[in-house]
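Reading the structure
So you can see what is in the structure, the chains are spelled out below.
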Amino acid sequence: MKKAPGTTPTPTAAPAKPASATEHLRNPTLARALFAVWSGDAAVVIDSPPGAGKTHLITNLAHQLHTRAGMTVAIAAQTRAQAVDVANRTAATGTPTVLHVDAEKGRPRDLDSTVTLTSSRSLRPGAGVIVATTARWHWVPANRTAHFDVLLVDEAYQLTFGDLGALGGITDQFVLVGDPGQIDPVVTGATRRWETLTTGPQNPAPAALIAAHGDDVARLRLPQTWRFGPDTTDLLAPLYPALPFTSARPPRHIAAGGTPLPEYRATAHPATGGTADPRVILAATQTVRDLLATGTVTTPDGTRTLDPSDVAVIAPHVEQSALAAASLADLPDVFVGTINQAQGLQREAVVAIHPLLGHDVTERFALDLGRLCVALSRHRAHVTVITDERSPESLAEALREQPQHRTVALPAALLARLLGTT
């Protein structure tokens, strides 16, 4: 366009960029991950505390690598629900997104309309960021037509090292993002022969990969949680000795009857009937009803009534969650499930049955630190932990016998803080 003499052309406004296009400028971990992948690092492990934005990081990393770096990108999720969520959130960045499913399956109801479906017969790596479950990727033949520049793994600590190895044929680079405090992957086969090996195929993929190829693995971390406040962050810090993190969550709290509740508390109940003692289930479900009767949520946006969809009940055992679900059948929007099912979940208020309740302290299940970590980290504003009256003394006695045993010392210290006895 010609301009008149002596005049200055009016600048044309640049087209607005999607927020994800500049996300790396405000997210140092994303920028470092982009640099590591672009530099050709074969593997990148990104450790994250609960609620630090793992999926946010995954989806924005996929966007940057595919749309700006021109790489073919795949994402592996651990469940179908996670795969749909990741696909929806990847599409929200403006990235062409494909969900890879079984050819016989219909379109998931909650899948965004902009996400394309594909099966193994029509898989084209250049068509967009392709999302599938790890199990689905295992069915993809490793050949030139189904090979990717990089595979991003969400919730990577729920993936075994053996399963990671099975994915090696479809990609040149891995990025593993996960929470090291999660429950270890569920393995149904016998693993006794590898119990002492840090690189055993049953171990969480990121930890085993670092043990096997530590010098060749780029290691990053997400330094903040956006889920829970400073009190819960401080409570859980001992469970993450190698991953210091702080709370970035804006102020929020639950109030019952106008009285603000602490971020966490525990109530001890008699439980002589084992893990499914009716008094324990009643205590958990009555706590839910009490919260909903007068509960409010206060955030920087104001105060509102606590709704059933804001509340969860999580328990170590299926029988406990089944009894609680039956008792709360009139409140279908309250999430009720096991601790394993609650991985990845967050609610404003949580009622959690302690993993040790009804168990002996010698049982490995009861003292599993990953299970305890998940139980104490699903809330945004408040958690009530239901425990039994004998657990504190049982832990104290076990601690006197094994003062240096971490899987006894940590649960004992955490339970004492929950009960307010330290």
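Structural notes, computed from the coordinates. Bear in mind the structure is a predicted one, so any value in this text is a computation, not a measurement.

**Topic: the packing of aromatic side chains**
- Within this structure, the stated rule accounts for 2 aromatic pairs.
- Judged by centre distance (5.4 Å) and plane angle (75°), the rings of Trp-137 and Phe-148 are edge-to-face. With Trp-137 in helix H5 (residues 134-137) and Phe-148 in strand E6 (residues 148-153), the pair connects residues that are 11 residues apart, well separated along the chain. The pair Trp-137 / Phe-148 is uniform in exposure class, with both members buried.
- Sitting over the face of the ring of Trp-194, Arg-193 holds its NZ or CZ atom 5.2 Å from the ring centroid.

**Some points on the pattern of salt bridges**
- With the rule as written, the count across this model stands at 13 salt bridges.
- With a shortest N-O distance of 2.8 Å, Arg-417 and Asp-234 are connected by a salt bridge. Note that Arg-417 is positioned in helix H13 (residues 406-419) and Asp-234 in helix H8 (residues 230-236), a separation of 183 residues in sequence.
- On the basis of relative accessible area, Asp-234 is assigned to the partly exposed category, the value being 43%.
- Put simply, Arg-252, Glu-348 and Arg-380 are held in one network by salt bridges that share partners.

**Concerning the sheet that holds strand E14 (residues 295-299)**
- Read across the open sheet, the 4 strands follow the order E12-E11-E14-E15; overall the sheet is antiparallel. Only two strands of the sheet have a single neighbouring strand rather than two, namely strand E12 (259-260) and strand E15 (302-305).
- For strand E11 (residues 253-256) and E14, the ladder comprises 4 bridges, and the chain directions are antiparallel. Opposite Ile-254, over in E14, you have Val-297 as the bridge partner.

**Points about the side chain of Glu-348**
- With respect to the helices and strands, Glu-348 occurs in strand E18 (residues 347-353).
- Separated by 2.7 Å, the side chains of Glu-348 and Arg-252 make a polar contact.
- The residues contacting Glu-348, other than those within four sequence positions of it, are Arg-252, Ile-254, Val-297, Arg-304, Leu-306, Asp-310, His-379, Arg-380, Ala-381 and His-382.

**Structural notes on unusual backbone geometry**
- Of note, the phi angle at Glu-155 is positive, near 50°, even though the residue is not glycine.
- Taking the relative accessible area as the measure of exposure, Glu-155 reaches 8% and is therefore buried.

**Focus on the pairing of strand E1 (residues 43-47)**
- With 5 of its 5 residues buried, E1 lies for the most part within the structure.
- Of the pairings in the sheet, the one linking E1 to strand E8 (residues 217-221) comprises 5 bridges and is parallel in character. Following the sheet pairing, Ala-43 is matched in E8 by Val-217.
- In the sheet, E1 pairs with strand E7 (residues 171-178) via 5 bridges, with the strands oriented parallel. Bridged to Ala-43 within E7 is Phe-174.

**Observations concerning helix H3 (residues 54-68)**
- Helix length check: H3 (15 residues) gives 21 Å between terminal C-alpha atoms against 21 Å at 1.5 Å per residue, within 8%.
- Most of H3 is tucked away: 12 of the 15 residues are buried.
- Along H3, the residues classified as buried are Lys-54, Thr-55, Leu-57, Ile-58, Thr-59, Asn-60, Leu-61, Ala-62, His-63, Gln-64, Leu-65 and His-66.
- Taken from the residues just after H3, Gly-70 is the one with a positive phi, measuring 70°.

Reading the values: the criteria
- Residues numbered from 1 in each chain as written.
- Predicted model: local features only at pLDDT ≥ 70, side-chain atom pairs only at ≥ 80, totals over all residues.
- Heavy atoms only, no water.
- Phe/Tyr/Trp six-rings, centres within 6.5 Å; stacked < 30°, edge-to-face > 60°.
- Helix = DSSP H or I, 4+ residues; strand = E, 2+ residues; numbered from the N terminus.
- Buried < 20%, exposed > 50% of the residue type's maximum accessible area, 1.4 Å probe, protein only.
- Lys NZ or Arg CZ within 6 Å of the ring centre and 35° of its normal.
- Salt bridge = Lys/Arg side-chain N within 4 Å of Asp/Glu carboxyl O.
- Pairing = 2+ DSSP bridges.
- Polar contact = N/O pair within 3.5 Å; in protein donor to acceptor, adjacent residues only side chain to side chain.
- Contact = heavy atoms within 4.5 Å.
- Expected span 1.5 Å × (residues − 1).

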